[in-house]
Amino acid sequence: MKKVIVIIAAALMLASMSANAQSLSTILQKAAGAATTAANNATGSTKAGSIINKVGDLIYSYTGASNKVSLPGTWKYQSVALALTGDSDIANVTGTAVATTAEQKINDTLAKFGFAAGSVTFVFNEDLSFTCNVGNIPLNGTWKTLNDGSTVQLQFGKAMKYLSMTGELKGNLTGCEMMFDGGKFLSFMKSAMSIVGSASSSMSALTGITNNYKGMKIGFRLSK
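Residues numbered from 1 in each chain as written. Predicted model: local features only at pLDDT ≥ 70, side-chain atom pairs only at ≥ 80, totals over all residues. Heavy atoms only, no water.

1. Topic: the pairing of strand E5 (residues 151-156)
Stage number 1. Examined bridge by bridge, strand E4 (residues 137-146) and E5 share 6 bridges and lie antiparallel to one another. Bridge assignment links Thr142 to a residue of E5, and that residue is Gln155.
Stage number 2. Linking E4 to E5, which pair antiparallel, is a turn of 4 residues; within it Asn147 sits at a positive phi near 55°.
Stage number 3. Of the pairings in the sheet, the one linking E5 to strand E6 (residues 164-172) comprises 5 bridges and is antiparallel in character. Residue pairing in the sheet places Val152 in a bridge with Gly167 of E6. (Pairing = 2+ DSSP bridges. Helix = DSSP H or I, 4+ residues; strand = E, 2+ residues; numbered from the N terminus.)

2. Section: the environment of Ser70
Stage number 1. Here Ser70 shows up in the loop between helix H3 (45-63) and strand E1 (73-84).
Stage number 2. Separated by 79 residues in the primary sequence, Ser70 and Gly149 have C-alpha atoms spaced 8.5 Å apart.
Stage number 3. For Ser70, the contacting residues outside a window of four places in its chain are Trp75 and Lys224. (Contact = heavy atoms within 4.5 Å.)

3. Here's the deal with the pattern of salt bridges
Stage number 1. Counting across every chain of the model gives 3 salt bridges.
Stage number 2. Between Asp148 and Lys68 there is a salt bridge; the shortest N-O distance is 2.7 Å. Of this pair, Asp148 sits in the loop between E4 and E5 while Lys68 sits in the loop between H3 and E1, and the two are 80 residues apart along the sequence. Lys68 shares its class with Asp148; the two are exposed.
Stage number 3. We note a salt bridge from Glu177 to Arg221, for which the minimum N-O separation is 3.4 Å. (Salt bridge = Lys/Arg side-chain N within 4 Å of Asp/Glu carboxyl O. Buried < 20%, exposed > 50% of the residue type's maximum accessible area, 1.4 Å probe, protein only.)

4. Focus: helix H5 (residues 182-196)
Stage number 1. Helix length check: H5 (15 residues) gives 21 Å between terminal C-alpha atoms against 21 Å at 1.5 Å per residue, within 8%.
Stage number 2. If you check which residues of H5 are buried, you get Gly182, Phe185, Leu186, Phe188, Met189, Ser191, Ala192 and Met193.
Stage number 3. Of the residues flanking the start of H5, the one acting as N-cap is Asp181, its side-chain oxygen 2.9 Å from the backbone nitrogen of Gly183.
Stage number 4. Looking at the residues trailing H5, positive phi occurs at Gly197, about 80°. (Expected span 1.5 Å × (residues − 1). Polar contact = N/O pair within 3.5 Å; in protein donor to acceptor, adjacent residues only side chain to side chain.)

5. Remarks on the sheet that holds E5
Stage number 1. The 8 strands lie next to each other as E1-E2-E3-E4-E5-E6-E7-E8, forming a closed barrel whose pairing is antiparallel. Taking the axes of each pair of neighbouring strands and ignoring which way they run, one obtains an average angle of 35° across the sheet.
Stage number 2. Pairing of E1 with strand E8 (residues 216-223) involves 8 bridges; the strand directions are antiparallel. Following the sheet pairing, Ser79 is matched in E8 by Arg221.
Stage number 3. Packing of H5 onto the sheet brings it into contact with E1, strand E3 (129-134), E4, E5, E6, strand E7 (175-181) and E8, and relative to E8 it is tilted by some 60°. (Axes fitted to C-alpha atoms, helices over the stretch in contact; angles between N-to-C directions.)

6. Notes on unusual backbone geometry
Stage number 1. One non-glycine residue, Lys161, lies in the positive phi region at around 60°.
Stage number 2. Mapped onto the fold, Lys161 is located in the loop between E5 and E6.
Stage number 3. Of note, Tyr162 is a non-glycine position whose phi angle comes to about 55°, a positive value.
Stage number 4. Residue placement: Tyr162 occurs in the loop between E5 and E6.

7. Some words on the confidence of the model for the protein
Stage number 1. On average, residues of the protein score 75 in pLDDT, and 61% of them reach the 70 mark or higher.
Stage number 2. Within the protein, no element has a lower average pLDDT than helix H1 (residues 2-17), which sits at 46, and none a higher one than E5, at 98.
Stage number 3. Low pLDDT, under 50, characterises residues 3-21; the predicted model gives this stretch 14 contacts beyond four residues in sequence or across chains.
Stage number 4. In the model, residues 88-95 has pLDDT below 50 throughout and makes 16 contacts with residues more than four positions away in sequence or in other chains. (pLDDT = per-residue confidence, 0-100.)

Set out below in structure tokens:
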């Protein structure tokens, strides 16, 4: 991880030194390319994803580029995405050491029953229907975006007890993130685990992890 951070810092420095008449937008985009390559070579998808998203947020902030997402298409699940909010010292932080550790623990727990990178897909159709494929089991529903595309609503069908999830939707350098209230995410996982026949111990472990963080938002990190 230290090596990746050094590479990112070096990329930013080199880009600035050779800037001349280049705009800040161009500088950041070049640095982001180098950082993305470095992050992809990092150990663990969660660490890589956090680094890439930090660079992406920087680009969107300084360049004014849109991070809106066009959902129709097939998306592959990469990892959970987690944000900590509230009144604590780690309020409103994504990708801190605390959040990254929590993400890794949750990823490890979910992987035990097949919810791992590449093994889960979301197919969003133009007619606003969608299918979440967990292994060979399809979980169907409908989707829509709200608030000019910054919010996504997933409405599952009977198999998921008509669970409705509304959360933040934003793009990043490798795809997008859907962030929901921690309780809603746990409800989704509880139903999904039941359908795929996972042991209740997995749910207990997941609940135990998430109970340690107040005001947590958690969801899916996806890529096309």
